[in-house]
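Understanding the architecture of this molecule
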Amino acid sequence: MSGAIDSILVEKRVFEPAPEFKAAAAVSGMEAYQALREQARRDPDTFWGDAARDMLVWRKPFTRVLDESDAPFYRWFDDGELNVSENCLDVHLSNGNADKPAIVFEADDGRVQTVSFRELHARVCRIANGIAGLGYRKGDRAILYMPMSIEAIACMQACARLGITHSVVFGGFSTKSLHQRIVDVQASLVITADEQMRGGRAIPLKAAVDEALAGPDTGRVRQVIVYRRSGGRVDWRDGRDHWLHEIEDGQADTCAPVPVEAEHPLFILYTSGSTGKPKGVQHSSAGYLLWAKMSAQWVFDAKPDDVFWCTADIGWVTGHSYIVYGTMAAGLTQIVFEGVPTYPDAGRFWDMIQRHKVTIFYTAPTAIRSLIKASSAAPETAPANYDLSSLRLLGSVGEPINPEAWVWYHQHVGGGRCPVVDTWWQTETGGHILAPLPGATPLKPGSCTLPLPGIEIDVVDEAGRSLPEGKGGYLVITRPWPAMIRTVWGDAERYVKSYFPPELGGAYLSGDSAQLDSDGYCWIMGRTDDVLSVSGHRLGGTEIESTLVAHEAVAEAAVVGRPDPVTGEAVVAFVVPKDELPGEADAPALAGALRDWVMREVGPIAKPREIWFGNAMPKTRSGKIMRRLLRIVAENGEITQDTSTLENPDALNRLHGPY
Ligand code: WTA
């Protein structure tokens, strides 16, 4: 990337926190936020040291907060010892939370099962005793390949209890990805289920594990533990395979948490970048948990009687930090959902919010946009048909949320009264980085607002120089923070190369482009790989996409560049209409209307040269639009690539254009 990115989107709406919300919030008003930020800036050692002592239970107190001597290999609280599971569960046995529901699990078919903190603690202890009984101990590594379930969460916590480093592989990944991760992480244990249930269908998991373990370099795996979810048929290898209920059976309800060093790897989670083999992002125990808990309390303004629902899968970092660890350490009652938002119909989320009286709802823009489309196509599934009055706070994560989708979420789901916290962060950051504090920060739709206290960010050019407000560039984090990635598992060189290029003088490179406005608010413009260059202007696709989504006919849009001999790149837009996909006869008129719209709203520079229509965008398994594939379509008029890594490969079938 060279030069600054031009900003074209003008979004002027501001939503101040409601007085009642502000009055009841833990961080109330911007002065309180600024004071925390100042405190962290002035004396980070005291800020983080006090937080770590107040918020975590230690087995051995630390004497040093941050060791920067081997930067960028930072060490936090490194002579201290603790146990993460003790901090998530045991603490709630004596603070009044013991009989409070920890998890309200709703299965694909609607069956509901609730466990209290006391019951979950006992369950985790029995599983941990069972795993220890198979000979596993601190320093071992386990792969988890499981459906959303109480059992999966309990197994992650059981690993943490024993000091076993886990690596969760999303249940939607193929045997090949599973095999790659088993080998890379050098796992000796695999925990899985017979099958998973999604949208009324059973999808085998154990069979995929069997196949992965038949592959090369998997000889370290001694045991496979299988949770019986569906009762579907599985192949069995005696001596290697064990039912989860059998290893739990007869075990004690208590299990002494194993103290680990603060920097002991709690988990490794693979991120699939757009190129190269997935990176194993290694996280610590103490620093990670501290920030997961602090950020959960701040950003969700957590209260003891909240019912919190994060719709992410535990296979992603969002499920780690805001289901299994941070929110659990914070003692929240949580909804855990096995299924999909569109089964039995697109009203499932709203129905669940109504039935479980959810107060905080945290989901992804991809879900919001698809439910906007669904409620236009099938109005009986729209949020207006449900009682959503229990909600008091909404959250968004995973992609930029277009201002129009933000406003729809705010009005139609939040009834105009719930703040929307747009949280920007990454697998590598461990927890929220840029996000509003809902009782303090005035909200601007489409902006993830300001850095949390303790976090320092900047937007810089390729030489690492700070850019002025309104100029887009590289988003960097300029100071270390406790939950940051520690290394790329087994590849320290790749860690340094990917995240700490020498031009940045030690700052962490996020890989996203962004700009700051005159209030210091951050506007994410997309991944730096997705920046377009048109007639000498550098444009972030996100802004053109948001303009298209603001048109009444559009549910979702993706914008990519196609090489052009005159302008460098031409803007090519892919559009999913809210209603019927236009046929070839109607498409040119709609394309013309959208072109005029972009022309009027932002000017000729952003006007799409070509527009394609489809009934869905190709998405990654974590719900992000796969622009890389769309670039190939824009260039070649067809898809020549392997599309097996897509969540919805058939999305490409009905794509037609260009118009
Ligand atoms: C994108 C998910 C804009 C961004 C927690 C980031 C966002 C990548 C937002 C990390 C947001 C995530 N606004 N973009 N609120 N949240 N992203 O590792 O490009 O799955 O770099 O972590 O998602 O995705 P990951």
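All values derive from a computational prediction rather than experimental measurement.

1. Overview of the overall build of the protein
The helix and strand inventory of the protein stands at 18 helices and 30 strands. A compact globule built from 659 residues would reach a C-alpha radius of gyration of about 26 Å, and the protein, at 24 Å, matches this within 12%. Expressed along its principal axes, the backbone C-alpha trace of the protein runs to roughly 70 × 60 × 50 Å. When contacts within the protein are restricted to residue pairs at least 6 apart in sequence, long-range pairs at least 24 apart make up 71% of them. If you sum the accessible surface of the protein, you get close to 24000 Å²; carbon and sulfur atoms cover 48% of it.

2. A few points about the sheet that holds strand β4 (residues 101-106)
Strand order across the open sheet formed by seven strands is β5-β4-β17-β16-β18-β19-β20, with mixed pairing between neighbours. The outermost strands of the open sheet, each flanked by one partner alone, are β5 (112-116) and β20 (420-423). Between one strand axis and the next, the sheet turns through 20° on average, direction left out of account. Direction of pairing for β4 relative to strand β17 (residues 333-337): parallel, over a ladder of four bridges. Looking at the pairing, Val104 lines up with Ile335 of β17.

3. Remarks on the UniProt feature "binding site: Mg(2+)" (unreviewed entry) in the protein
Residues annotated by UniProt as "binding site: Mg(2+)" (unreviewed entry) correspond here to Val549, His551 and Val554. Structurally, Val549 is set in helix α16 (residues 541-549). Along the polypeptide, Val554 turns up in strand β28 (residues 554-564). Val554 gets classed as buried once you look at its relative accessible area, which sits at 3%. Residue contacts for Val554: discarding those within four places in its chain leaves Leu548, Val549, Val575, Val576, Pro577, Lys578 and Leu594.

4. Quick notes on the nonpolar core
Ranked by internal contacts, the top residues of the largest apolar core, which has 149 residues, are Phe77, Ile103, Leu120, Ile131, Phe300 and Tyr325. Dropping the residues within four chain positions of it, Ile131 is found in contact with Tyr136, Ala158, Leu162, Ile164, Leu189, Ile191, Ile225 and Ile247. Phe349, Met352, Ala367 and Ile368 belong to the second-largest nonpolar core, a separate cluster that totals 31 residues.

5. Quick word on the site of the ligand
The environment of the ligand is formed by 16 residues, the closest being Asp422, Thr423, Thr427, Asp512 and Arg527. One of the backbone nitrogen or oxygen atoms of Gly398 is found 3.1 Å away from a nitrogen atom of the ligand. Measuring from a nitrogen atom of the ligand, one finds a backbone N or O atom of Glu399 at 3.3 Å. With the chains in place, 89% of the 530 Å² that the ligand exposes on its own is no longer accessible. At the level of secondary structure, the elements contributing two or more residues to the shell around the ligand comprise α11 (317-329), β20 and β25 (522-527). Residues of the shell around the ligand, tallied by class, amount to six nonpolar, five polar and five charged.

6. What about helix α10 (residues 286-299)?
If you check α10, its first and last C-alpha atoms are 20 Å apart, about what 14 residues at 1.5 Å a residue would give, namely 20 Å. Taken across its 14 residues, α10 has 13 buried, putting it largely inside the fold. Within two residues after α10, Asp301 carries a phi angle of roughly 45°, on the positive side.

7. Topic: the packing of aromatic side chains
Centre-to-centre distance and the angle between the planes together describe a pair of aromatic rings. In total, this model carries 37 aromatic pairs according to the counting rule given. An angle of 65° between the planes, with centres 5.9 Å apart, marks the rings of Trp58 and Phe77 as edge-to-face. Of this pair, Trp58 sits in the loop between α3 (44-55) and β1 (66-67) while Phe77 is found in the loop between β2 (75-76) and β3 (81-82), placing the two residues 19 residues apart along the sequence. Residues Trp58 and Phe77 agree in their burial class; the two are buried. Taken together, the ring pairs connect Phe47, Trp48, Trp58, Phe62, Trp76, Phe77, Trp291 and Trp298 into an aromatic cluster. If you follow Arg181 out to its NZ or CZ, it ends over the ring of Phe173, 4.8 Å from the centre. Here Arg228 stacks its cationic end above the ring of Trp243, 4.7 Å away from the centre of that ring.

8. Focus: the pairing of β20
Taking every second residue as pointing to the same face, both faces of β20 are buried, with Val420 and Asp422 on one and Val421 and Thr423 on the other. Where strand β19 (residues 393-397) lies against β20, four bridges are found, and the strand directions are parallel. Bridged to Gly395 within β20 is Val421. Where the polypeptide runs from β19 across helix α14 (residues 403-413) and back to β20, its parallel neighbour, the crossover connection is right-handed.

Conventions adopted
Residues numbered from 1 in each chain as written. Predicted model: local features only at pLDDT ≥ 70, side-chain atom pairs only at ≥ 80, totals over all residues. Heavy atoms only, no water. Helix = DSSP H or I, 4+ residues; strand = E, 2+ residues; numbered from the N terminus. Rg over C-alpha atoms; globule rule 2.2 N^0.38 Å. Contact = heavy atoms within 4.5 Å. Areas by Shrake-Rupley, 256 points an atom, 1.4 Å probe, with all protein chains shown as cover. Pairing = 2+ DSSP bridges. Axes fitted to C-alpha atoms, helices over the stretch in contact; angles between N-to-C directions. UniProt positions renumbered as here; feature names shortened; annotations may be inferred. Buried < 20%, exposed > 50% of the residue type's maximum accessible area, 1.4 Å probe, protein only. Core = buried A, V, L, I, M, F, W, Y, C linked by side-chain atoms within 4.5 Å. Near = heavy atom within 4 Å. Polar contact = N/O pair within 3.5 Å; in protein donor to acceptor, adjacent residues only side chain to side chain. Nonpolar A, V, L, I, M, F, W, Y, C, P; charged D, E, K, R; others polar. Expected span 1.5 Å × (residues − 1). Phe/Tyr/Trp six-rings, centres within 6.5 Å; stacked < 30°, edge-to-face > 60°. Lys NZ or Arg CZ within 6 Å of the ring centre and 35° of its normal. Right-handed = clockwise from strand over helix to strand, strands pointing away.

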